[in-house]
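# A look at the structure
Chain by chain, the residues run as shown.
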Amino acid sequence: MIVLGIVLAVVVGLVRGGKLSRLGDVSLKAMPLVWVALVMRALVGVVENAGFTYAPGLQIAAYILFFYAVWLNLAQPGIKLFGLGSLLNFVVIVANGGRMPVSAEAIAAAGGSGTPTGTHVLLTEGTRLWFLADVIALPRISPVAQVISVGDILIVMGVFLFIQQRMVGQEEPAVLVSAKK
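Residues numbered from 1 in each chain as written. Predicted model: local features only at pLDDT ≥ 70, side-chain atom pairs only at ≥ 80, totals over all residues. Heavy atoms only, no water.

### Remarks on the layout of surface pockets
Condition: Points on a 1 Å grid, built from protein atoms alone, make a cavity when a 1.4 Å probe fits but cannot get out and make a pocket when they are open with protein on both sides within 12 Å along at least 5 of 7 lines; residues with an atom within 4 Å of a point are the lining residues. Grid points are joined across faces, edges and corners, and a volume is the space filled by probe spheres set on the points. Strands here mean DSSP runs of E at least two residues long; helices mean DSSP runs of H or I at least four residues long; both are numbered from the N terminus. Ten residues, namely Ala, Val, Leu, Ile, Met, Phe, Trp, Tyr, Cys and Pro, are considered nonpolar, four, namely Asp, Glu, Lys and Arg, are considered charged, and the remaining ones, Gly among them, are considered polar.
Volume-wise, the largest pocket comes out at about 1400 Å³. Lining the largest pocket are 50 residues, with I2, L38, R41, D152 and I155 positioned closest to its centre. Examining the composition of the lining of the largest pocket, we find that seven residues originate from one element, helix α6 (residues 150–168), more than from any other. Along the lines of polarity and charge, the residues of the lining of the largest pocket split into 33 nonpolar, 13 polar and four charged.

Below is the structure:
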């Protein structure tokens, strides 16, 4: 879903007269930490399949690194919304033992089948904070059934705003720049 949000943001940015080249000018703080956190999250499923019982802890550690990077970039457009969505996902994951619960009904409504694997588990009556879990079925827009959370929606909205501001963002008027000196 995030990839679709990025593509949509770029297309809307271009339609609004934005420049793709402006995305290359982005300088976010602590980007190496973000990459480390993403690699850690990707490894969670691999190490779990290998029998590593602390895989959920690895996911939580990845989120903590990630949140530090988000904190350092809160002044960037859309990052607060992105961070809030990430925080909501983190809270439900921690409340459920390091795993994101997914609704079986939502999987079926999205046209999927089977049970979640890796860092996802089926939502049960014992699921804590179920309303923050993956309970929203998306219409089939890709080969894979998509079930998302409220946090995922906020993340995509934050990414969308960030890209829009970068591509189309208003330059400060010269009057304001000279007045600040």
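Now that the structure has been shown, we can carry on.
### Things to note about the packing of helix α1 (residues 2–15) against α6
Convention followed: Helix axes use the C-alpha atoms of the stretch in contact, all axes being lines fitted to C-alpha atoms, and the angles between their N-to-C directions lie in the range 0 to 180 degrees. For classification purposes, angles smaller than 35 degrees are called roughly parallel, those larger than 145 roughly antiparallel, those between 65 and 115 roughly perpendicular, and all remaining angles oblique. Should the near helix be turned counterclockwise from the far one by less than a right angle, the crossing is left-handed, whereas a clockwise turn marks it as right-handed. Contacts: residue pairs with any heavy atoms within 4.5 Å of one another.
Where α1 meets α6, the axes come as close as 9 Å, and the angle between the chain directions of the two elements is 30°. The angle between α1 and α6 places the two elements in the roughly parallel class. Classified by chirality, the crossing of α6 by α1 is right-handed. From α1, I2, G5, I6, L8, A9, V10, V12, G13 and L14 reach across to α6, where they touch I155, V156, V159, F160, I163, Q164, M167 and V168. Counted by class, the contact of α1 with α6 contains 14 nonpolar, three polar and no charged residues.

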